Amino acid sequence: MDDSYLRERKAAVEQVVERLLRALQGTQGLTSGVHGGDDLVLVAHDIAPADMMQFKQGVFRGFVTDIGGKTSHTAIVARSLDIPAVVGARDASRLIRQDDWVIIDGDNGLLIVDPSPAIIDDYRVRKQESELSRQRLLRLRSTPARSLDGQTIELLANIELPDDCDTALAAGAAGIGLFRTEFLFMNRGRNLPGEDEQFEAYRRVVQSMGGKPVTIRTIDIGADKPLDTDLDYRDGEFTHLNPALGLRAIRYSLSDPAMFRVQLRALLRAAAFGPLRILVPMLAHARELRQTFEQLDLARAELRAAGVEPGPVEVGVMIEVPGAVLMLPLLLRHFDFISVGTNDLVQYTLAIDRADESVADLYDPLHPAVLQLLAQTISLAHAAHGWKGHPVHVSVCGEMAGDPQLTRLLLGMGLRSFSMHPAQILRVKQEILRADCSRLAPLAQAVLGELEPEGQERALAALAG
Ligand code: PEP
Ligand code: MG
């Protein structure tokens with residue numbers, strides 16, 4: 001494209017074209033008209049997180065995309081569907097043809113096209129084994145998540161929609177650690193959910209969880225989760241050059257205070273029905289902190305003026321940018337709890353776009369800088385005991401919390417609350433049951449002390465036992 005303005009807005013133009021095509025085909029949703037029996041997989045250049053949500057009905061058995069990273073929201077939603085997916089497979093959509101046979105090995109990030117009978121047999125056996133180990137894990141469902149040295153660990157669920165509470169409860173979750181409410185706003189065109197509809201959704205979650213704590217995050221719109229309406233001009237722009245660094249999360253909410261207060265009022269109303277915590281994403285500035293609490297006070301006043309008594313809420317903040325870690329003393333003073341969003345913390349610490357497959361090899365949750373920030377966050381939250389009279393509750397809700405290979409490291413750093421996709425809860429619990437936290441603490445310290453890859457590998461091997 002010669003026109004540099006259009007060239008920079010390629011993604012927006014592509015999305016518009018895709019939507020136009022869909023409208024011309026007269027299909028409402030992406031899945032309408034798809035009949036593939038049981039063995040259909042979707043291979044696409046890209047799938048937006050909003051589109052992925054439409055596959056919750058279970059039309060496809062697996063997904064492959066050319067672009068995207070392991071912690072992109074497309075991959076996160078695929079993982080919550082608990083079906084195999086490989087993202088960032090570059091030329092897959094060009095090379096794979098209709099009716100080709102493929103094996104999607106999501107665990108190893110492998111895609112095998114036209115596999116030989118021997119490979120198919122091998123994967124059939126692996127599939128059976130994985131099914132068996134899932135069945136075995138189910139026995140742990142009501143076992144308390146307690147380590148060998150008697151530490152009780154809180155295992156919470158991440159959800160995208162109120163219906164996901166069923167899966168969370170089935171996995172034995174102790175509550176909801178992260179409800180990504182922006183998914184309520186997707187695939188809605190201009191018809192965004194109003195206060196009553198949001199209130200019903202939040203109340204449903206609170207009531208479904210039957211008294212267990214529910215953490216609801218205010219919308220994290222922006223970056224790879226734009227609203228349909230954002231495709232129109234917003235402040236004279238189509239989209240922005242670096243959306244991950246742009247108007248997203250709390251910045252987005254504060255840019256539209258009326259919309260923000262609709263959500264806050266709905267949350268405060270739902271809080272009357274059970275324990276509800278409000279979680280604010282990606283906050284890093286004292287000014288944002290002040291504005292957030294001002295909007296919360298205003299939302300309470302608006303409810304009272306309408307004769308509605310707001311319910312009690314705890315208010316927490318997500319730690320997602322290194323700046324927020326360095327601002328922790330201020331944040332810990334004002335918020336009731338913190339939750340570390342490691343997906344973004346890795347992205348912003350290492351300057352690696354989590355949705356860009358061309359730098360996916362550099363996206364490293366074990367990077368010493370990331371581990372230092374994480375350890376510092378956990379220990380500062382605990383240290384609040386000294387001046388606040390009690391430690392500040394700290395949890396991790398990024399994908400690191402649901403990775404059983406990292407459980408021992410996080411326990412060793414002092415983490416006692418993990419929030420993850422329900423499908424991961426029992427695997428992580430299994431690790432906890434085998435762990436002795438007091439023994440892990442010095443081993444985790446040793447990992448933190450290593451900057452050289454070889455030294456870190458050795459320290460991690462010692463930690464793995
Ligand atoms: C995170 O960044 O780790 C997180 C949990 O939030 P999200 O993945 O929705 O950005
Ligand atoms: Mg995040």
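Look a little higher up for the structure.
Structure report, in brief. Throughout, a residue's number is its position along its own chain's written sequence, starting from 1. Each chain takes a letter, starting from A, and each ligand takes a number, starting from 1, following the order in which they are written. Per-residue local features are limited, in this predicted model, to residues with pLDDT of at least 70; the limit for side-chain atom pairs, both in listing and counting, is 80 or more; totals at the level of whole chains, interfaces and linings are taken over all residues. As a rule here, side-chain values cover all heavy atoms of the structure and leave hydrogens and water aside.

Helix and strand content of the protein chain: 19 helices and 13 strands. The C-alpha radius of gyration computed for the protein chain amounts to 22 Å, which stays within 12% of the reference 23 Å derived for 465 residues, consistent with globular compactness. Judged by the C-alpha coordinates and their principal axes, the protein chain covers about 65 × 55 × 45 Å. Partly exposed describes any residue whose relative accessible area lies between the buried limit of under 20% and the exposed limit of over 50%, with all areas from a 1.4 Å probe on protein chains only and scaled to the type maximum. Counting only residues that meet the buried cut, the protein chain has 48% of its 465 residues in that class. Every residue pair with non-hydrogen atoms within 4.5 Å of one another is taken to be in contact. Look at the contacts in the protein chain between residues 6 or more apart in sequence, and 65% of them connect residues 24 or more apart. For the area figures, the Shrake-Rupley method with a 1.4 Å probe applies, and any residue is considered shielded solely by the protein chains shown. With an accessible surface of roughly 21,900 Å², the protein chain has 53% of that area assigned to carbon and sulfur atoms. Just so you know, the count uses Lys and Arg for positive and Asp and Glu for negative, and it drops His and the chain ends. Charge positions come from single atoms, namely NZ of Lys, CZ of Arg, CG of Asp or CD of Glu. Looking at charge distribution, the protein chain has the averaged site of its 49 positive side-chain charges lying 5 Å from that of its 62 negative ones. Only runs of H or I of at least four residues qualify as helices and only runs of E of at least two qualify as strands under DSSP, and these elements are numbered from the N terminus. Between the two quantities, the radius of gyration covers C-alpha atoms and the globule rule is 2.2 Å times the number of residues to the power 0.38.

Tracing the chain through its elements places G323 in helix α12 (residues 322-326). When its relative accessible area of 32% is taken as the criterion, G323 is described as partly exposed. Each C-alpha atom of the pair G323 and Y348 lies 9.4 Å from the other, and the pair is 25 residues apart in sequence.

This brings us to the coordination of the magnesium ion (ligand 2). Distances define the donors: N, O and S atoms within 2.8 Å of the metal qualify, as do those within 3.2 Å of Na, K or Ca. Water is excluded, so some sites may look unfinished. Taken together, the protein ligands of the magnesium ion (ligand 2) are E320 (OE) and D344 (OD), with distances of 2.0 Å. Residue E320 is located in the loop between β10 (313-319) and α12, and its partner D344 is located in helix α14 (residues 342-350); the two are separated by 24 residues in the primary sequence. This pair shows no difference in class: E320 is buried, exactly as D344 is.

Count a disulfide wherever a pair of cysteine sulfur atoms falls within 2.5 Å. Following the criterion strictly, the structure yields 0 disulfides and no others. Among the cysteines around C165, which has no disulfide bond, C397 carries the closest sulfur, lying 16 Å off.

So, about the nonpolar core. Judged by nonpolar contacts, the single largest core of 95 residues is most densely connected at L155, I176, Y202, L276, I319, M413 and F418. Beyond its immediate chain neighbours, meaning those up to four positions away, L276 contacts V206, V214, I216, L267, A270, A271, P312, V313 and E314. What makes a nonpolar core is a set of buried Ala, Val, Leu, Ile, Met, Phe, Trp, Tyr and Cys residues whose side-chain atoms join them at distances within 4.5 Å. One finds M52, F55, F63 and V77 within the second-largest nonpolar core, a separate group that totals 14 residues.

Attention shifts here to the side chain of N343. Position of N343 among the secondary structure elements: in helix α14. Excluding anything up to four places from it in sequence, N343 contacts T71, I76, R180, R354, Y363, G398 and E399.

Here we come to the packing of aromatic side chains. For any pair of aromatic rings, the description consists of the separation of the ring centres together with the inter-plane angle of the planes. Ring pairs are drawn from Phe, Tyr and Trp, using the six-membered ring of Trp, whenever the two centres fall within 6.5 Å, and their geometry is named by plane angle: stacked under 30 degrees, edge-to-face over 60, tilted for the rest. Counted according to the given criterion, the structure contains 6 aromatic pairs. Note on F179 and Y202: the rings are 6.1 Å apart at their centroids and 80° apart in plane angle, and the pair reads as edge-to-face. Of the two residues, F179 is situated in strand β7 (residues 176-180) and Y202 in helix α8 (residues 195-208); the sequence distance between them amounts to 23 residues. The same class applies to F179 as to Y202, namely buried. Ring pairs connect the aromatic residues F55, F60 and F63, which therefore count as one cluster.

On to unusual backbone geometry, then. The backbone of N187 sits at a positive phi, close to 60°, despite the residue not being glycine. Looking at the element boundaries, N187 is found in the loop between β7 and α8. Of note in the backbone geometry, A249 takes a positive phi value of approximately 55° without being a glycine. Residue position: A249 is located in helix α9 (residues 249-255).

The N-to-C vectors of helix α10 (residues 257-270) and helix α11 (residues 286-305) enclose an angle of 60°; their axes lie 9 Å apart at closest approach. Considering only the axes of α10 and α11, their crossing is right-handed. Packed against α10, whose contacting residues are P257, F260, R261, L264, R265, L268 and R269, the element α11 presents T292, Q295, L296, L298, A299, R300, E302 and L303 at the interface. Lys, Arg, Asp and Glu make up the charged group, whereas Ala, Val, Leu, Ile, Met, Phe, Trp, Tyr, Cys and Pro make up the nonpolar group; the residues left over, Gly among them, are polar. Taken together, the residues that form the contact of α10 with α11 break down as 8 nonpolar, 2 polar and 5 charged. Geometry is summarised by axes, namely lines fitted to C-alpha atoms with helices restricted to the contacting stretch, and by angles between N-to-C directions that run from 0 to 180 degrees. For any helix crossing, the convention is left-handed if the near helix is rotated counterclockwise from the far helix by under a right angle, and right-handed if that rotation is clockwise.

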